Each structure stands twice: as C-alpha cells, then as structure tokens.
Amino acid sequence: AGAGVPAGARTGSGAGGNCAVLSIHILCVGKLKERFYIDAAQEYQKRLSPYCKLTLTELPEEKLPKNPSPAQIQAALSREAQAIRAKIPPRFKRVALCVEGRERSSEELSRLVTAENLCFLIGGSYGLDDSLKAEAADRLSMSPMTFPHHLARVMLLEQIYRGFKIQEGSSYHK
C-alpha cells in the first residue's frame, strides 16, 4: 500500500501494486441540515479517502406527529428498517449503533474498522428497529450519554479516521 497507509487499506496499480480495497458503508436515517455537522462530516470523509472506500447513504426519516404513540413510533421504525435493509451491501459485516451496544476504546474500534468491510447503521431520532439490532453482527455504543443522531454520525466518522491513524502509528492518536 502507499506510504503511511495500512496494508490492504487501498488499491493502486503503481508501486504498491493491486491490493484489496477496504470498504466502509454508513447508512444513516435522517439528512444533515446544520452546516456545522455537514462541514465536520465532509472533513472526515475527505480525510478517510486515502484509507478506504467510504460510502455514506442518507435515508429519509419517517414523519411522525408531534407526540407520537408507541405504536406510531414502532411502525415508523419498522418502515425505516425496511429502507435500511434494502441498502445494506451484500457480504458486509453489519454494525448497529445503539445504546444497547458495547462501548469500545478507540484502539478496539481501530482493529474492527481496519479488518473487514463494514456497514454501520445509524437510526434516526428514535433509534433503530429492534430487528435490525438483532440482525447486526455487532452493536456499538458511543457512550452511555445521549447524543443527537447527527452528532453520532460525525463522531463515528472521526473514530473510523482515528482507527486508521492508530493502525498506521500516527501521532494523531495520543
């Protein structure tokens, strides 16, 4: 691979020869609207470009009334789950971001993101449908604290980038 890039993390036909491209797909319910989230997400997407093929797909969040009932929330989560399943690439390990997931250190996450093709699932305001969490090969919690799902996207992108920097031995992770 190229200088400073983990083995197998990118492809090229130059001096590094042809090697497998590591792919990461992030499926997000909801569209970023605030400029500061958009700018931060774009910055990390740019930083990740030498390390992996990153695809970020935004899916529409189901519309709900101001004070939805539990049944209305469940129905919306079920419809969002169908939309998510339709976009999950075949042969990708699914990782659901959810409060029930396991917290990991940045070092642990670096080993996960640099090892195989992953598809991260980020729900909307009400999270992910339980069936998606059950189907996921892994569940990840960013923290026991509650964060807006838009911020979780930026945090995930940063942690993926940090993971590649950890694997290359960079001083980015101190």
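Note that the coordinates shown come from a computational prediction; the quantities given were computed from them, not determined experimentally.

Draft legend 1. Focus on the overall build of the protein. Helix and strand content of the protein: five helices and five strands. Across the protein, contacts joining residues at least 24 apart in sequence account for 80% of those joining residues at least 6 apart.

Draft legend 2. Highlighting unusual backbone geometry. Unusually for a residue other than glycine, Arg 91 sits at a positive phi of about 65 degrees. Note on placement: Arg 91 falls in the loop between α2 (70-87) and β3 (93-103).

Draft legend 3. Structural view of the sheet that holds strand β5 (residues 138-141). One open sheet holds the five strands; their spatial order is β2-β1-β4-β3-β5, and the pairing between them is parallel. Each edge of the open sheet carries a strand with a single partner, namely β2 (53-59) and β5. When the angles between neighbouring strand axes are averaged without regard to direction, this sheet yields 30 degrees. Pairing geometry for strand β1 (residues 23-29) and β2, over seven bridges, is parallel. Note that in β2 the partner of Ser 23 across the bridge is Lys 53. Strands β1, β3, β4 (118-122) and β5 of the sheet are contacted by helix α3 (residues 106-113), whose axis makes an angle of about 165 degrees with β3.

Draft legend 4. Focus on the packing of helix α1 (residues 35-48) against helix α5 (residues 149-168). As a packed pair, α1 and α5 sit with axes 9 Å apart at the nearest point and diverge in direction by 20 degrees. With respect to α5, the axis of α1 lies roughly parallel. Handedness of the crossing formed by α1 with α5: left-handed. Contacts between α1 and α5 involve Tyr 37, Ala 40, Ala 41, Tyr 44, Gln 45, Arg 47 and Leu 48 from the first element and His 150, Leu 151, Val 154, Leu 157, Glu 158, Ile 160, Tyr 161 and Phe 164 from the second. Of the residues that constitute the contact of α1 with α5, the class distribution is 11 nonpolar, two polar and two charged.

Draft legend 5. Highlighting the side chain of Ser 110. With respect to the helices and strands, Ser 110 occurs in helix α3. The exposure class of Ser 110 is buried, given its relative accessible area of 0%. Aside from chain neighbours lying at most four places away, what touches Ser 110 is Gly 163, Ile 166 and Gln 167.

Draft legend 6. How the structure looks around the nonpolar core. Ranked by internal contacts, the top residues of the largest apolar core, which has 28 residues, are Ile 24, Ile 26, Leu 48, Phe 120, Leu 156, Ile 160 and Phe 164. Of all the elements in the fold, those that place two or more residues in this core are β1, α1, β3, α3, β4 and α5. If one sorts the elements of this core by residue count, α5 sits on top with six residues. Once residues lying within four places of it in the same chain are set aside, the contact partners of Ile 26 are Leu 54, Thr 55, Leu 56, Thr 57, Phe 120, Ile 122, Leu 156, Leu 157 and Ile 160. In terms of nonpolar packing, the next biggest core, distinct from the first, is built from 13 residues, Leu 27, Leu 59, Ala 81 and Leu 128 among them.

Draft legend 7. Region of the structure containing the packing of α3 against α5. Axis separation between α3 and α5 bottoms out at 8 Å; the angle between their running directions is 85 degrees. Between α3 and α5, the angle falls in the class roughly perpendicular. Mapping the contact onto sequence places Ser 106, Glu 107, Leu 109, Ser 110, Arg 111 and Val 113 in α3 and Gln 159, Ile 160, Arg 162, Gly 163, Phe 164, Ile 166 and Gln 167 in α5. Class assignment for the residues of the contact of α3 with α5 results in five nonpolar, five polar and three charged.

Rules used throughout
- Residues numbered from 1 in each chain as written.
- Predicted model: local features only at pLDDT ≥ 70, side-chain atom pairs only at ≥ 80, totals over all residues.
- Heavy atoms only, no water.
- Helix = DSSP H or I, 4+ residues; strand = E, 2+ residues; numbered from the N terminus.
- Contact = heavy atoms within 4.5 Å.
- Pairing = 2+ DSSP bridges.
- Axes fitted to C-alpha atoms, helices over the stretch in contact; angles between N-to-C directions.
- Parallel < 35°, antiparallel > 145°, perpendicular 65-115°, else oblique.
- Left-handed = near helix turned anticlockwise from the far one by under 90°.
- Nonpolar A, V, L, I, M, F, W, Y, C, P; charged D, E, K, R; others polar.
- Buried < 20%, exposed > 50% of the residue type's maximum accessible area, 1.4 Å probe, protein only.
- Core = buried A, V, L, I, M, F, W, Y, C linked by side-chain atoms within 4.5 Å.

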